[in-house]
Amino acid sequence: MRLAARVQDLRKVYRLGDEEVHALRGVSLDFPEGDYVAVMGPSGSGKSTFLNVLGCLDRPSSGSYFLGDEDVAQMDDDSLSEVRAQRIGFVFQSYNLIPQLTVLENIEVPLYYRGHITAEDRQRCRELADLVGLGKRLGHRPTQLSGGQQQRAGIARSLVNNPRFILADEPTGNLDSVTTAEILTLLDNLNAAGKTIILVTHEDDVAHRARRIIRLKDGVIQTDQRIRELALQG
Ligand code: ADP
Ligand code: MG
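Residues numbered from 1 in each chain as written. Chains lettered and ligands numbered in written order. Predicted model: local features only at pLDDT ≥ 70, side-chain atom pairs only at ≥ 80, totals over all residues. Heavy atoms only, no water.

**Student:** Help me get a handle on the overall build of the chain, residues and values and all.
**Tutor:** Secondary structure summary: the chain contains seven helices and 10 strands in total. On C-alpha atoms alone, the chain measures out to a radius of gyration of 17 Å, which is about the 17 Å that the 2.2 N^0.38 rule sets for 234 residues. Counting every position in the chain, which comprises 234 residues, the buried fraction comes to 47%. Surface accessibility of the chain: about 11400 Å² in total, with carbon and sulfur atoms responsible for 46%. Of note, the chain has its 28 positive side-chain charges centred 3 Å away from the centre of its 32 negative side-chain charges. (Helix = DSSP H or I, 4+ residues; strand = E, 2+ residues; numbered from the N terminus. Rg over C-alpha atoms; globule rule 2.2 N^0.38 Å. Buried < 20%, exposed > 50% of the residue type's maximum accessible area, 1.4 Å probe, protein only. Areas by Shrake-Rupley, 256 points an atom, 1.4 Å probe, with all protein chains shown as cover. Lys, Arg positive; Asp, Glu negative; His and termini not counted. Charge placed at Lys NZ, Arg CZ, Asp CG, Glu CD.)

Put into structure tokens, the structure is as follows:
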């Protein structure tokens, strides 16, 4: 069983003036490839901090983080940005689309860091738009889309560099139940195709779509429960 990621004794301390907030207080977990993990827990329990560290958007204060075989915690900022761009897809609750750009351009954003975009890249972005059901909305701007459509664009953008690891922080938190179901079906399909997914949610029915449920409280793991086998790896 190959591991997509492993964290050991991960800690995160935020310092605000002379006050310290211990957001993660020693988290150790293995994430096998093909897993689909829901992270639950009360507000303030450290879920977003954990996901941001996994997504290389933030660094741990101590502990180790291996992404595949690479020790991410030891990397300099440039290497970390590269790992983030190439190997991780991040989906945000509030979509984080750029309002001035069209759907297609938003999906292309992760490619801009490469310096140049080839015709094949553009074609691939169109295919991703099709995959998430936005093939007929390529020229729309985010304000011309529903919340569900914006999140579809966010998911397509997260897939541009073909990452094996997808992280989603309350991706359906702003969506109604019908649209939530559509987004969850998209995530199911990505996981069935072999992507490893970690999703933060506070909704039980969303969490039960996953293969494993982890509960955090006060920065530590309370429970880690497998509810389905891993997705088969191709
Ligand atoms: P959750 O996503 O589970 O609601 P967070 O990871 O956002 O929890 O926050 C965990 C704890 O860390 C909270 O007490 C929060 O106030 C604190 N925290 C989060 N981000 C910061 C920050 N940038 N600076 C200071 N404290 C923070
Ligand atoms: Mg949060």
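From this point, the discussion proceeds with the structure in view.
**Student:** Give a detailed account of the site of ligand 1, specifying residues and quantitative values.
**Tutor:** What surrounds ligand 1 is the set Tyr14, Leu16, Val21, Ala23, Pro42, Ser43, Gly44, Ser45, Gly46, Lys47, Ser48 and Thr49. A distance of 2.7 Å is found between an oxygen atom of ligand 1 and a backbone nitrogen or oxygen belonging to Gly44. Burial of ligand 1 by the protein amounts to 62% of the accessible area it has alone, namely 560 Å². Of all the elements in the fold, those that place two or more residues in the shell around ligand 1 are β1 (3-16), β2 (19-32) and α1 (47-54). (Near = heavy atom within 4 Å. Polar contact = N/O pair within 3.5 Å; in protein donor to acceptor, adjacent residues only side chain to side chain.)

**Student:** Could you give me a rundown of the packing of aromatic side chains, with the residues and numbers involved?
**Tutor:** Counted under the stated rule, the structure contains two aromatic pairs. Plain terms: the ring middles of Phe31 and Phe50 are 6.3 Å apart, the flat faces sit at 40° to each other, and that makes the pair tilted. Residue Phe31 is located in strand β2, and its partner Phe50 is located in helix α1; the two are separated by 19 residues in the primary sequence. Per residue, the accessibility class of Phe31 equals that of Phe50, and both read buried. For the ring pair Phe90 and Phe92, a centre distance of 4.8 Å and an interplane angle of 40° mean the geometry is tilted. Look at Phe90 and you get buried, because its relative accessible area is 10%. On the basis of relative accessibility, which here comes to 24%, the residue Phe92 falls in the partly exposed class. (Phe/Tyr/Trp six-rings, centres within 6.5 Å; stacked < 30°, edge-to-face > 60°.)

**Student:** Account for helix α6 (residues 177-192), with residues named and values stated.
**Tutor:** Owing to its 3.6 residues per turn, the α-helix aligns residues three or four sequence positions apart on the same side. With 16 residues, α6 should cover 22 Å at 1.5 Å per step; its first-to-last C-alpha distance of 22 Å lies within 8% of that length. The complete set of buried residues in α6 reads Thr179, Thr180, Ile183, Leu184, Leu186, Leu187, Leu190 and Asn191. End-on, the buried residues of α6 take up no more than an arc of 155°, which puts them together on one face. Seen from the buried face of α6, the exposed residues on the opposite side, beyond 90 degrees, are Ser177, Val178 and Ala192. Tucked into the core, α6 has its buried residues touching β3 (36-40), α4 (119-131), α5 (147-158), β8 (196-200) and α7 (204-207). One or two positions beyond α6, positive phi appears at Gly194, with a value near 110°. (Expected span 1.5 Å × (residues − 1). Arc of directions from axis to C-beta. Contact = heavy atoms within 4.5 Å.)

**Student:** How would you summarise unusual backbone geometry if you had to cite specific residues and measurements?
**Tutor:** Unusually for a residue other than glycine, Asp9 sits at a positive phi of about 50°. In this structure, Asp9 sits in strand β1. Assessed through its relative accessible area of 36%, Asp9 is described here as partly exposed.

**Student:** Just give me the short version of the sheet that holds strand β6 (residues 88-91), but keep the residues and values in it.
**Tutor:** If you trace the six strands from one edge of the open sheet to the other, you get β6-β7-β8-β3-β9-β10, paired in mixed fashion. The sheet is open, and its two borders are formed by β6 and β10 (220-226), each paired with just one other strand. Shown here is a sheet whose adjacent strand axes are inclined to one another by a mean of 15°, direction ignored. As paired strands, strand β7 (residues 165-169) and β8 are joined by five bridges and run parallel to one another. Bridge pairing in β8 links Asp169 to Val200. Taken strand by strand, helix α2 (residues 77-87) contacts β6 and β7, and its axis lies near 75° from that of β6. (Pairing = 2+ DSSP bridges. Axes fitted to C-alpha atoms, helices over the stretch in contact; angles between N-to-C directions.)

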